[in-house]
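Coordinates in review
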Amino acid sequence: MNLPQVVQYCFAGVTVGSIYAIVAIGFNIIYNTTGIINFAQGEFLIVGAMLAISFNHFVPLPVAIFLAVVITTIIGGLVEIVFIRQVRNASVLRLVVITIGISILMREAMLHIWDEKVRSLPYFTGTGVSTVTILGAHISPQVLWVLGVSAVIVMGLTPFFRFTLTGRAMRACADDRMAARLCGINDRWMVTLSFMLSAGIGALAGCVISPVTQTQYDMGASLAIKGFTVAILGGLGNSMAAVAAGLMLGLVEAFVMSQFDVAYKEAVSIVILLLILVFRPSGLFGKREIAAMRAL
Amino acid sequence: MLKILNLEAGYGQLRVLKGISLHVLPGEAVAIIGANGAGKTTLLKTIAGVLRPRSGKIMFNKQDISNEPLEKIVEAGCCLAPEGRHVFSTMTVKENLLLGAYHRQRNGASADIASSLKQVYKLFGILEERANQLAGTLSGGQQQMLAIGRALMSGPKLLMMDEPSLGVAPLLVKSIYQTIANLKREGLTILLVEQNARAALALADRGYVFETGQIVLEGTSRELGDNPEVQRAYLGKEYRRIDE
Ligand SMILES: Nc1ncnc2c1ncn2[C@@H]1O[C@H](COP(=O)(O)OP(=O)(O)OP(=O)(O)O)[C@@H](O)[C@H]1O
Ligand SMILES: [Mg+2]
């Protein structure tokens, strides 16, 4: 491989990797406030993209994306209020199974609304063939959009959790639910909010990635598996580590694809997931680091 | 200030509180003492709204709070520093304290919060020194101070404390109790649960003795302290006599 090729694969890897990271962050936000893994996280991305594609027939792209994110955020909140909140004596396992049910429900609903056709949003700038040349490699400008938006999401979440009252209250719920309630924090509302936030950033990620990967009603499941691998890899609940883990998985996948058959790409994340679960269940980044990073 | 009538509460099948009636007057410090598992923590949790009463009434400032949501109870000025401290260990000391004032921040009373923070720092100097340290890295006694400080940040009219001396070094217990005494002097109403009956009765005006979910004795701190039953069971006087 020559330099431009390496750069090319790096960009490809970092691009999908950053989307995996966003999915993983979605997992983590909900995991932190509830202790459950929301397997409908992948569907939020697809719903967001599909809504934006439909709206884009009537309104300009930025407006379409904005509406899609808002509506998906509301859907996320409704999912929690309708399905999660109602469960009495909920064990974590039971709730996780319910989220799997929700993901199937959402997928079927999308099949009815948008059928099986592969769709996509238009490129945000330029067209499918326009490129930016970086170190000799030809990169689609959309890749830069994906990277930029992912970075903004990640960098926006840190001050949100650190400095805003609501963000702190969500962290407090994650840290010690009873103490948070004793401070007068409405923990149920924080859980709803965590679903809304995860759905919202998921939808945004789904929109920016749509021109590159295209969008089909059933693509959420594989995104969820990748995101889950990344979340586990980084250590559940640790969003900064998820970013590192996401980029890592993306890069590994890209280079596996460059050296071997494309078919091996899917196997990579499963193998990594199994290895991690067997050898380092607390994630690549140990408990201490997690505590330190969560404090951020 | 607080009036409880025939309160019953428990967990699932388990009936813990079997008809408790007690009251706390404004400005008073009241201690609840009793053996392990008597239901003291359960009582405080029920007042604070963490647990729902099965029956009975909890009146706070003439308002029935027995079925109010927790947020409303905190807002009304009834706040619990829970047993085992429960500080937010992954957050800094200052963040912990500010979260104590959560409902006031939502209502936009930031000037009051700054003055409360100053007041808490004055009471517990160590918290100011450690303001930017993670609460999980504080010692047990410091965490207890933080838990009390956090409860104070809500601007309570009634401060409930569940075993503030639990797992705290004797020297710190003394300083924590001095601070509580100062708060009382400034007019704060206090409901205190303690295993350390000696410390509790020294501070409180009145006390109740709990046994298996019922009140078996009540009286002024002096009366309770002089009661031979209390001395034997909770103040360990008998043992000393044996030693001698
Ligand atoms: N979450 C719970 N679920 C079920 N039972 C509980 C729970 N918490 C306490 N209990 C039971 O309720 C009873 C009273 O417990 P509680 O914690 O109120 O006692 P306590 O007087 O505070 O004791 P201690 O002095 O040890 O703190 C005990 O028998 C205990 O086993
Ligand atoms: Mg107790």
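Each chain has its residues counted from 1, following the order in which its sequence is written. To read the labels, note that chains go from A and ligands from 1, taken in the order they are written. Restriction of local features to residues with pLDDT of at least 70 applies here, the model being predicted, together with a cutoff of 80 or more for giving and counting side-chain atom pairs; totals for whole chains, interfaces and linings are based on all residues. Heavy atoms throughout the structure, all of them, feed into the side-chain values; hydrogens and water do not.

Re the overall build of chain B
Helix numbering and strand numbering both begin at the N terminus, where a helix is a DSSP run of H or I of at least 4 residues and a strand a DSSP run of E of at least 2. Secondary structure assignment for chain B yields 12 helices and 10 strands. Here chain B has a C-alpha radius of gyration of 18 Å; the compact-globule value for 244 residues is 18 Å, and the two agree. Overall, the C-alpha framework of chain B stretches about 50 × 45 × 35 Å when taken along its three principal axes. For chain B, the residues scored as buried account for 54% of the 244 residues in total. Here, two residues are considered to be in contact whenever any of their heavy atoms come within 4.5 Å of each other. Contacts in chain B between residues at least 24 apart in sequence constitute 66% of all its contacts with a sequence separation of at least 6. Residue-level accessible areas treat just the shown protein chains as cover; the underlying method is Shrake-Rupley with a 1.4 Å probe. Within the structure as shown, chain B displays about 10,800 Å² of accessible surface, and the carbon and sulfur contribution to it stands at 49%. The size measure is the radius of gyration over C-alpha atoms, and the globule rule it meets is 2.2 Å times the number of residues to the 0.38 power. The cut-offs for exposure are 20% and 50% of the maximum accessible area for each residue type, with area from a 1.4 Å probe on protein chains only; residues under the lower value are buried, those over the upper are exposed, and the others partly exposed.

Here we look at the interface of chain A and chain B
Listed per partner, the contact involves 19 residues of chain A and 25 residues of chain B. Buried area: the accessible surface (1.4 Å probe) lost by two parts on joining, summed over both. In this assembly, chain A packs against chain B so that about 2,200 Å² is buried in total across both faces, 66% of it on carbon and sulfur atoms. Looking only at chain A, the three residues that lose the most surface to chain B are Leu165(A), Leu182(A) and Cys183(A), adding up to 30% of its buried area. Salt-bridge detection follows one rule: a side-chain nitrogen of Lys or Arg within 4 Å of a carboxyl oxygen of Asp or Glu. Counting every contact that joins chain A to chain B gives two salt bridges. Between Arg168(A) and Glu95(B) there is a salt bridge, and its shortest N-O distance comes to 3.7 Å.

Description of the site of ligand 1
All names here are of chain B. Neighbouring residues are identified by heavy atoms, a residue being near a molecule or strand if any of them is within 4 Å of it. Every one of the 14 residues lining ligand 1 counts as a neighbour, but Asn-36, Lys-40, Thr-41, Thr-42 and Gln-195 are closest to it. What qualifies as a polar contact is a pair of N or O atoms within 3.5 Å, subject to a donor-acceptor requirement within protein and to the restriction that residues adjacent in sequence count only when both atoms come from side chains. Between an oxygen atom of ligand 1 and a main-chain N or O atom of Gly-37, the distance comes to 2.8 Å. Measuring from an oxygen atom of ligand 1, one finds a backbone N or O atom of Ala-38 at 3.2 Å. Protein contacts shield 62% of the accessible area of ligand 1, which totals 630 Å² for the unbound molecule. A per-element tally of the shell around ligand 1 places helix H1 (residues 40–48) first, with three residues. When grouped by side-chain class, the residues that make up the shell around ligand 1 number five nonpolar, six polar and three charged. Each residue gets one of three labels, nonpolar for Ala, Val, Leu, Ile, Met, Phe, Trp, Tyr, Cys and Pro, charged for Asp, Glu, Lys and Arg, and polar for the others, Gly among them.

Focus: the sheet that holds strand S2 (residues 14–24) of chain B
Residue and element names in this part refer to chain B. Any two strands with at least two DSSP-identified bridges between them are counted as paired. One open sheet accounts for four strands, arranged S2-S1-S4-S5; its pairing is antiparallel. The sheet terminates laterally at S2 and strand S5 (63–64), the two strands that pair on one side only. As defined by bridge partners, strand S4 (residues 55–60) adjoins S5 across two bridges and the pair is classed as antiparallel. Bridge pairing in S5 links Phe-60 to Gln-63. Here an axis means a line fitted to C-alpha atoms, over the contact stretch when the element is a helix, while the angle between two N-to-C directions is reported on a 0 to 180 degree scale. Its contacts with the sheet place H1 against strand S1 (2–11), S2 and S4, and it is angled at close to 110° to S1.

Looking at the coordination of the magnesium ion (ligand 2)
Residue and element names in this part refer to chain B. Coordinating N, O and S atoms are those within 2.8 Å of the metal (3.2 Å for Na, K and Ca), and as water is not part of the atoms, a site may appear to have fewer donors than expected. Each protein donor to the magnesium ion (ligand 2) is listed here as Thr-41 (OG1), Glu-83 (OE) and Glu-83 (OE); together their distances run 1.8 to 2.7 Å. Residue Thr-41 is found in helix H1, and its partner Glu-83 is found in the loop between strand S6 (78–81) and helix H3 (93–100); the two are separated by 42 residues along the sequence. Owing to a relative accessible area of 29%, Glu-83 belongs among the partly exposed residues under this scheme.

Thoughts on the nonpolar core
Only buried residues count toward a nonpolar core. Its members are Ala, Val, Leu, Ile, Met, Phe, Trp, Tyr and Cys residues joined through side-chain atoms within 4.5 Å. Counting 81 residues, the largest nonpolar core has Ile19(A), Ile65(A), Leu121(A), Ile185(A), Met190(A) and Phe88(B) as the members making the most contacts within it. Take this core: its biggest share by element is 11 residues, from helix H8 (residues 187–213) of chain A. Core analysis: the next-biggest nonpolar cluster, separate from the first, contains 48 residues, Leu127(B), Leu146(B), Leu188(B) and Leu203(B) among them.

Examining unusual backbone geometry
Residue Glu163(B) is not a glycine yet carries a positive backbone phi of 50°. Following the sequence through the fold, Glu163(B) ends up in the loop between strand S7 (158–162) and helix H8 (170–185).

Notes on empty space enclosed by the protein
If a probe as big as a water molecule is rolled over the atoms, it shows which places are left empty. With a 1 Å grid spanning the protein atoms alone, the term cavity applies to any set of points in which a 1.4 Å probe fits but cannot get out, the term pocket to an open set with protein on both sides within 12 Å along at least five of seven lines, and the term lining residue to any residue with an atom within 4 Å of a point. Grid points are joined across faces, edges and corners, and a volume is the space filled by probe spheres set on the points. Under the defined criterion, the tally for this structure stands at two cavities of 30 Å³ or more. The volume enclosed by the second largest cavity comes to roughly 50 Å³. Lining the second largest cavity we find Leu182(A), Cys183(A), Cys79(B), Leu80(B), Gly100(B), Ala147(B), Arg150(B) and Ala151(B). Elements that contribute at least two residues to the lining of the second largest cavity include exactly S6 and helix H7 (140–153) of chain B. Counting residues per element, the lining of the second largest cavity draws most heavily on H7(B), at three residues. Its residues placed into classes, the lining of the second largest cavity shows six nonpolar, one polar and one charged.

Things to note about the layout of surface pockets
Space inside the largest pocket adds up to approximately 780 Å³. Taken together, 26 residues form the lining of the largest pocket, with Arg85(A), Val87(A), Arg177(A), Asp187(A) and Arg188(A) sitting closest to its centre. Listing elements by their share of the lining of the largest pocket, those giving two or more residues are helix H1 (3–34), helix H3 (61–84), helix H4 (92–114), helix H7 (177–182) and H8 of chain A together with helix H2 (70–76) of chain B. Sorting elements by how many residues they give to the lining of the largest pocket places H8(A) first, with three residues. By volume, the second largest pocket is sized at about 360 Å³. In terms of lining, the second largest pocket is formed by 20 residues, of which the most central are Ala12(A), Gly13(A), Thr15(A), Val16(A) and Val212(A). Among the elements that line the lining of the second largest pocket, the one with the most residues is H1(A), at seven residues. The class makeup of the residues in the lining of the second largest pocket is 11 nonpolar, seven polar and two charged.

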